[in-house]
Amino acid sequence: MECVFGLVGDGFALIAADSSAVHSILVHKSNEDKVMILDSHKLLGASGEGGDRVQFTEYIQKNVHLYQFRNGIPLTTAAAANFTRGELAIALRKNPYLVNILLAGYDKDIGPSLYYIDYIATLHKIEKGAFGYGSYFSLSMMDRHYHSGMSLEEAIDLVDKCIMEIRSRLVVAPPNFVIKIVDKDGAREYAWRESVKDAGIAPA
């Protein structure tokens, strides 16, 4: 019951994702970070099969770093999104990755942007978007409350509304969410919204 959603505000973009690692009827952990800091000014939120998600996002991250090392300049957000889309398109004809991606970034001359990339290599630049079962509720909340030029406080309030709606309406709702933002100061973790803490291994 995964959920990844994001939006663009006034001078920033953010991505929020659930943090549950689930297989079949089992919850393996509830603090899995599904929003990767791709580089200093990019975020990549992913949903999909656990192995595909980890392998593909790490592959993209390392190639983005490699480009910067080789050329001395980072990829723009649009270039990173097109590279990611291209790799998914190539894999689609060989061994597909079952992974859906929201890629957010901040470019000096362009500002914040958000890209939607699904598992069949569809690419769109968007203002707001979501993947997973939680998208049924988060998209409707964003359709109702989102407007362009949102302040950070308004955006976080909307994210909290989306999380509350998912928790109250989804039959097997993920308990914990992580929120990350990217702006002119870089990509960073903003907050966690937790209702369940990982207890860890009980002492013998």
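These figures come from a predicted structure and were not determined experimentally. (Residues numbered from 1 in each chain as written. Predicted model: local features only at pLDDT ≥ 70, side-chain atom pairs only at ≥ 80, totals over all residues. Heavy atoms only, no water.)

A. The arrangement of the side chain of Glu2 in detail. Within the fold, Glu2 resides in the segment before strand 1 (3-8). Each residue touching Glu2, except ones within four places of it in the same chain, is listed here: Asp18, Lys34, Ser47, Gly48, Arg53, Phe131, Gly132, Tyr133 and Gly134. (Helix = DSSP H or I, 4+ residues; strand = E, 2+ residues; numbered from the N terminus. Contact = heavy atoms within 4.5 Å.)

B. View of helix 3 (residues 135-145). Three or more residues of helix 3 are buried, namely Ser135, Phe137, Ser138, Met141 and Met142. When helix 3 is viewed along its axis, its buried side chains cluster within an angular range of 165° and face the same direction. Exposed and oriented more than 90 degrees from the buried face of helix 3 are Tyr136, Asp143 and Arg144. Those residues of helix 3 that are buried lie in contact with strand 1, strand 10 (128-132) and helix 4 (152-169). (Buried < 20%, exposed > 50% of the residue type's maximum accessible area, 1.4 Å probe, protein only. Arc of directions from axis to C-beta.)

C. Summary view of the sheet that holds strand 5 (residues 35-39). Reading across from one edge, 5-6-7-8-9 is the order of the five strands in this open sheet, with antiparallel pairing throughout. One side of each edge strand has no neighbouring strand; the edge strands of this open sheet are strand 5 and strand 9 (123-126). Pairs of neighbouring strands in the sheet enclose a mean axial angle of 25°, with direction left out of account. Where strand 7 (residues 99-107) lies against strand 8 (residues 111-117), seven bridges are found, and the strand directions are antiparallel. By the bridge assignment for strand 8, Tyr106 is matched with Pro112. In this fold helix 1 (residues 50-71) packs onto strand 5, strand 6 (42-48) and strand 7, with an angle of close to 15° to the strand it touches most, strand 5. Lying on the sheet, helix 2 (residues 77-92) is in contact with strand 6, strand 7, strand 8 and strand 9; it crosses strand 7 at an angle near 160°. (Pairing = 2+ DSSP bridges. Axes fitted to C-alpha atoms, helices over the stretch in contact; angles between N-to-C directions.)

D. Spotlight on the pattern of salt bridges. Under the definition given, this model contains 12 salt bridges. A salt bridge links Asp18 to Lys34, with the nearest nitrogen and oxygen atoms 2.9 Å apart. Of the two residues, Asp18 sits in strand 2 (residues 12-18) while Lys34 sits in the loop between strand 4 (26-29) and strand 5, which places them 16 residues apart along the sequence. As far as the burial class goes, Asp18 and Lys34 line up, both buried. Residue Arg53 pairs with Glu32 through a salt bridge whose shortest N-O separation is 3.4 Å. Taken together, the residues span a long stretch of sequence, with Arg53 in helix 1 and Glu32 in the loop between strand 4 and strand 5 at a distance of 21 residues. Like Glu32, Arg53 is buried. (Salt bridge = Lys/Arg side-chain N within 4 Å of Asp/Glu carboxyl O.)

E. Broad picture of the environment of Asp33. Along the chain, Asp33 falls in the loop between strand 4 and strand 5. In this structure, the C-alpha to C-alpha distance between Asp33 and Met141, residues 108 residues apart in sequence, is 23 Å. Not counting chain neighbours up to four residues away, the residues in contact with Asp33 comprise Arg53, Val178 and Lys180. Here Val35 takes part through its backbone nitrogen, which lies 3.0 Å from a polar atom of the side chain of Asp33. Among the polar contacts made by the side chain of Asp33, one reaches the side chain of Lys180 at a distance of 2.7 Å. (Polar contact = N/O pair within 3.5 Å; in protein donor to acceptor, adjacent residues only side chain to side chain.)

F. Region of the structure containing the nonpolar core. Ranked by size, the top nonpolar core spans 39 residues in total, and within it Phe5, Leu14, Ile15 and Met142 carry the most contacts. Looking at this core, the elements that each hand over two or more residues are strand 1, strand 2, strand 7, strand 10, helix 3, helix 4 and strand 11 (177-183). It is helix 4 that contributes the most residues to this core, seven residues altogether. In this structure, Phe56, Val64, Ile117 and Ala121 belong to the second largest nonpolar core, which totals 20 residues. (Core = buried A, V, L, I, M, F, W, Y, C linked by side-chain atoms within 4.5 Å.)

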